[in-house]
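Examination of the molecular architecture
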Amino acid sequence: MVWLWITLIVLGIVAIVLLFMSMKIVKQYERGVVLRFGRLHGVREPGIRFIIPIVDVMTKVSLRIVTLPIQSQGIITKDNVSVGVSAVAYYRVVDAVKSVIAIENVKSAIDQIAQTTLRKVIGQHHLDEALSDTAMLNANIREILDVTTVEWGVEVTLVELKDILLPDSMKRAMAKQAEAEREKRAKIIAAEGEALAATQLGVASDTMMSHPLALQLRTLQTLVEVGVDKNTLVVVPAPLMSSIGELANFLDRESAIAEVRRSTTPSQSPTPGLAGS
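In this report, the structure presented in the accompanying data block is examined.

What counts, and at which threshold
- Residues numbered from 1 in each chain as written.
- Predicted model: local features only at pLDDT ≥ 70, side-chain atom pairs only at ≥ 80, totals over all residues.
- Heavy atoms only, no water.
- Helix = DSSP H or I, 4+ residues; strand = E, 2+ residues; numbered from the N terminus.
- Buried < 20%, exposed > 50% of the residue type's maximum accessible area, 1.4 Å probe, protein only.
- Contact = heavy atoms within 4.5 Å.
- Areas by Shrake-Rupley, 256 points an atom, 1.4 Å probe, with all protein chains shown as cover.
- Salt bridge = Lys/Arg side-chain N within 4 Å of Asp/Glu carboxyl O.
- 1 Å grid on protein atoms, 1.4 Å probe; cavity = no way out; pocket = protein on both sides within 12 Å on 5 of 7 lines; lining within 4 Å.
- Points joined across faces, edges and corners; volume = space filled by probe spheres on them.
- Nonpolar A, V, L, I, M, F, W, Y, C, P; charged D, E, K, R; others polar.
- Core = buried A, V, L, I, M, F, W, Y, C linked by side-chain atoms within 4.5 Å.
- Pairing = 2+ DSSP bridges.
- Axes fitted to C-alpha atoms, helices over the stretch in contact; angles between N-to-C directions.
- Patch = residues over 30% accessible without salt bridge, like charges linked within 9 Å, V, L, I, M, F, W, Y side chains within 5 Å.
- Lys, Arg positive; Asp, Glu negative; His and termini not counted.
- Charge placed at Lys NZ, Arg CZ, Asp CG, Glu CD.
- Expected span 1.5 Å × (residues − 1).
- Arc of directions from axis to C-beta.
- Phe/Tyr/Trp six-rings, centres within 6.5 Å; stacked < 30°, edge-to-face > 60°.
- Lys NZ or Arg CZ within 6 Å of the ring centre and 35° of its normal.

**Let's talk about the overall build of the protein chain**
Tallying secondary structure elements over the protein chain gives nine helices and eight strands in all. When the 277 residues of the protein chain are sorted by exposure, 22% land in the buried category. Across the protein chain, contacts joining residues at least 24 apart in sequence account for 60% of those joining residues at least 6 apart. A total of about 19700 Å² of accessible surface is found on the protein chain, and carbon and sulfur atoms cover 62% of it.

Encoded structure:
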């Protein structure tokens, strides 16, 4: 009887252990890939699932999006500039069976292929393109990764460049270039302003020539503006100088006319009767 009870207890313990070994819990974001005697048997959906202990082996695969940082890579661009580029990739498993059977370690494989793809894509572009057109580079890297990882049951949803490290000499050269570009724009804007001002001054001068009174009013306004500062500057308006010149010419003309009149008038002789008296 004792041995019978011992046997029953042992069998009960073994049954409990086998029950716990056969019971698996698959979470909502997971899928369970079951291999029976090393061959694919099926995929278990979320919930409590039972397998045959020792015979079946279940591998749980997460379907959530995984964030994969891509460490900084030393890359030489198409214009022979050495830069350090780091990025981040986002991927998720869409086929649990392929992710288990087709490849041993999905995360490590994507990390390595992402690094080589990053170097390949950046190396085919100039530095200016890498700095300004990051959206195109991100799309190119993601497309290349998608073609490679589709056989692994993985979909790369997004790739983003995080940082581009430039050598100090290149930073100084780019700073000088930016400064020269700003100076060029400033000179162009100043030249355009001078040209516009000259055009407007030409229009104003034409208006004043057709309206002499406007020129006199402008002269008086200038005198008022100069006199505000209460300085000792003496300003002689141009119209006044022209008036003085015209007056001198007028006096010269009058003198010449008077001289001509005196020279052409005959001299009067004395009267005889008056002379006898």
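On we go.
**A word on the pattern of salt bridges**
With the rule as written, the count across this model stands at six salt bridges. Here Asp-146 makes a salt bridge to Arg-142, at a shortest N to O gap of 3.0 Å. Separated by four residues within a single helix, Asp-146 and Arg-142 lie in helix H5 (residues 134–149), roughly one turn from each other. Bridged by salt links that share partners, the residues Glu-181, Lys-184 and Arg-185 form one connected network.

**Remarks on the layout of surface pockets**
Of the volumes computed, that of the largest pocket is approximately 250 Å³. Of all the secondary-structure elements, those providing two or more residues to the lining of the largest pocket are strand S5 (56–62), strand S7 (82–93), helix H2 (96–101) and helix H3 (106–123). Tallying contributions element by element places S5 first for the lining of the largest pocket, with four residues. Classifying every residue of the lining of the largest pocket gives seven nonpolar, four polar and five charged.

**Thoughts on the nonpolar core**
The biggest cluster of nonpolar side chains holds 33 residues, and the ones touching the most others in it are Val-83, Val-85, Leu-118 and Leu-161. Counting only elements with at least two residues in this core, the list comes to strand S6 (66–76), S7, H3, helix H4 (127–132), H5 and strand S8 (154–165). Top element by residues in this core is H3. It accounts for seven residues. Val-83 has contacts with Gln-73, Gly-74, Ile-75, Thr-77, Leu-127, Ile-164, Leu-165 and Leu-166, leaving out every residue within four places of it along the chain.

**Considerations on the sheet that holds S7**
If you trace the three strands from one edge of the open sheet to the other, you get S6-S7-S8, paired in antiparallel fashion. Strands with a single pairing partner mark the edges of an open sheet, and in this sheet they are S6 and S8. Averaged over all neighbouring strand pairs, the angle between strand axes comes to 25°, with direction disregarded. Two elements, S7 and S8, share 10 bridges in a ladder whose sense is antiparallel. Paired with Val-88 across the two strands is Glu-160, which belongs to S8.

**Concerning the sheet that holds strand S2 (residues 30–36)**
Pairing is antiparallel in the open sheet, where three strands are placed in the order S3-S2-S5. With one partner strand each, in any of the chains shown, strand S3 (39–44) and S5 form the two edges of the open sheet. Strand after strand, the sheet turns through a mean of 25° between neighbouring axes, direction not considered.

**Considering a negative patch on the surface**
A contiguous patch of negative charge, built from Asp-79, Asp-128, Glu-129 and Asp-133, is present on the exposed surface. Along the chain, the position of Asp-128 falls in helix H4.

**Concerning H5**
For H5, built from 16 residues, the straight-helix expectation of 22 Å at 1.5 Å per residue is met to within 8% by its first-to-last C-alpha distance of 22 Å. The complete set of buried residues in H5 reads Leu-137, Asn-138, Ile-141, Leu-145 and Thr-149. Across the axial projection of H5, the buried residues extend over an arc of 100°, all falling on one side. Turned more than 90 degrees off the buried face of H5, the exposed positions are Ala-135 and Val-147. Contact partners of the buried residues in H5: H3, H4 and S8.

**Observations concerning unusual backbone geometry**
Within the chain, Phe-37 stands out as a residue other than glycine whose phi angle is a positive 55°. Note that Phe-37 resides in the loop between S2 and S3. A positive phi angle, close to 60°, is found at Asn-80, a residue other than glycine. Tracing the chain through its elements places Asn-80 in the loop between S6 and S7. Taking the relative accessible area as the measure of exposure, Asn-80 reaches 67% and is therefore exposed.

**A closer look at the packing of aromatic side chains**
Using the criterion set out here, one finds zero aromatic pairs in the structure. Over the ring of Tyr-29 we find Arg-64; its NZ or CZ atom is 3.8 Å from the centre of that ring.

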